[in-house]
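Structural description and commentary
Read off the chains here:
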Amino acid sequence: MIHPIKHFNTITKHRHKVITHCFKVGIGFQGLFHDLSKYSFAEFIPGAKYYQGNRSPNEKERELFGYSAAWMHHKGRNKHHFEYWNDLNVATMRYEPVPMPIKYIKEMFCDRVAASKIYQGKKYSDKHPLEYYLKGNARSRMHDDTANTLEAWLKMLADEGEKKTFEYIRSLK
C-alpha cells in the first residue's frame, strides 16, 4: 500500500526538527535547505511506496532489491551524508572517504538526533543516537576525522544532554 500522506508528514516533521537543531548549532540558514531532495519524484515516490513509519523506507527498498535507488539519489545531493564525501585517492587509485567540512558534520549530527527522535517517539533518550551509531558500521566508512568528531558529539549528547552539546557545537567554527 502506498502512504503518500504519512510519508510526507514523517519527512516534513523530521525536516522541521533538523531545522530547529541546525539553528541551535549555528547553521540555521543551511538547515532551511535540509533534505529538500526527499520531496523530489525520485525520492518521494519510493518513500511513500515503502513507508513503514518506524524506519527509513530506504531500508525496505534495499531489502526488496538489494539497493535503494532513492538513497542513491539522496546521498549524491546532500552533503550532510558522509557517503557523499568519497573521492579518488590518486596514490591508491581507490575511492576513499575524505574529511567532511565542519558545517556538514554539524548538519549530520542534527539529522541523526532528529531521526532518532522521530523514529523513537516517546522512547527517545539522548543516548539513542549514540547507540544507533555504535550498532551500525558507519564509522568504518567515514574518514577518521569525521568519525571522531561525530562520535565525540554523540557521546557528549548521551552524557551531558542536548543543551550543553548544542551550545558546544555552536561554538565551533
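Details of the structure are given in the entry above.
Residues numbered from 1 in each chain as written. Predicted model: local features only at pLDDT ≥ 70, side-chain atom pairs only at ≥ 80, totals over all residues. Heavy atoms only, no water.

Taken as a whole and judged by the stated rule, the model has nine salt bridges. Taking the shortest distance from any N to any O, the salt bridge between Arg-55 and Glu-63 comes out at 2.8 Å. Taking the relative accessible area as the measure of exposure, Arg-55 reaches 22% and is therefore partly exposed. As a salt-bridge pair, Lys-163 and Glu-167 come within 2.7 Å of each other at their nearest N and O atoms. Within this pair, Lys-163 and its partner Glu-167 are both found in helix α9 (residues 162-171), separated by four residues, close to a single helical turn. (Salt bridge = Lys/Arg side-chain N within 4 Å of Asp/Glu carboxyl O. Buried < 20%, exposed > 50% of the residue type's maximum accessible area, 1.4 Å probe, protein only. Helix = DSSP H or I, 4+ residues; strand = E, 2+ residues; numbered from the N terminus.)

To continue, consider the environment of His-3. Along the chain, His-3 turns up in the segment before α1 (4-24). Judged by its relative accessible area of 19%, His-3 is buried. With residues up to four places along the chain from it excluded, the contact list for His-3 reads Ala-48 and Tyr-51. (Contact = heavy atoms within 4.5 Å.)

Since the α-helix packs 3.6 residues into each turn, any two residues three or four apart lie on the same face. With 21 residues, α1 ought to run about 30 Å at 1.5 Å a step, and its terminal C-alpha atoms sit 30 Å apart, in line with that. All buried positions along α1 are accounted for by His-7, Thr-10, Ile-11, Thr-12, His-14, Arg-15, Val-18, Ile-19, His-21 and Cys-22. The elements touched by buried residues of α1 are α2 (28-31), α3 (41-49), α4 (57-65), α6 (102-120) and α9. Count one or two residues on from α1 and you reach Gly-26, which has phi positive near 90°. (Expected span 1.5 Å × (residues − 1).)

Right, let's talk about unusual backbone geometry for a bit. Of note in this structure, Asp-35 is not a glycine but carries a positive phi near 55°. Summarising the element assignment, Asp-35 is placed in the loop between α2 and α3. Backbone geometry places Met-93, a non-glycine residue, at a positive phi of 60°. With respect to the helices and strands, the residue Met-93 is situated in the loop between β1 (86-89) and β2 (94-97). When its relative accessible area of 57% is taken as the criterion, Met-93 is described as exposed.

With that settled, consider the packing of aromatic side chains. Applying the stated criterion to the full structure yields seven aromatic pairs. Joined through ring pairs, the aromatic side chains of Tyr-84, Trp-85 and Tyr-104 make up one cluster. (Phe/Tyr/Trp six-rings, centres within 6.5 Å; stacked < 30°, edge-to-face > 60°.)

So, about α9. Three or more residues of α9 are buried, namely Glu-162, Thr-165, Phe-166 and Ile-169. Down the axis of α9, the buried set is contained in an arc of 95°. They therefore lie on one face. Turned more than 90 degrees from where α9 packs its buried face, Lys-163 and Ser-171 sit exposed. For α9, the elements touching its buried residues are α1, α6 and α8 (144-160). (Arc of directions from axis to C-beta.)

A few words on the packing of α1 against α3. Remark: α1 packs on α3, axes separated minimally by 8 Å, with the N-to-C direction vectors making an angle of 115°. Between α1 and α3 the crossing geometry is right-handed. Here Pro-4, His-7, Phe-8 and Ile-11 of α1 come into contact with α3, specifically with Glu-43, Phe-44, Gly-47 and Ala-48. Its residues assigned to classes, the contact of α1 with α3 comprises five nonpolar, two polar and one charged. (Axes fitted to C-alpha atoms, helices over the stretch in contact; angles between N-to-C directions. Left-handed = near helix turned anticlockwise from the far one by under 90°. Nonpolar A, V, L, I, M, F, W, Y, C, P; charged D, E, K, R; others polar.)

What follows deals with the packing of α6 against helix α7 (residues 128-135). In contact at an axis separation of 9 Å, α6 and α7 are set at 100° when each is read in the N-to-C sense. On the basis of their axis angle, the class for α6 and α7 is roughly perpendicular. Each of Arg-112, Val-113, Ser-116 and Gln-120 in α6 lies in contact with α7, whose residues at this interface are His-128, Pro-129 and Tyr-133. (Parallel < 35°, antiparallel > 145°, perpendicular 65-115°, else oblique.)

On any regular strand, side chains alternate: one points to one face of the sheet, the next to the other face. In terms of strand pairing, β1 meets β2 through four bridges, oriented antiparallel. When the sheet's bridge partners are listed, Asp-87 is paired in β2 with Glu-96. Remark: four residues form the turn of the hairpin made by β1 and β2, two consecutive strands paired antiparallel; Met-93 in that turn has positive phi of roughly 60°. (Pairing = 2+ DSSP bridges.)

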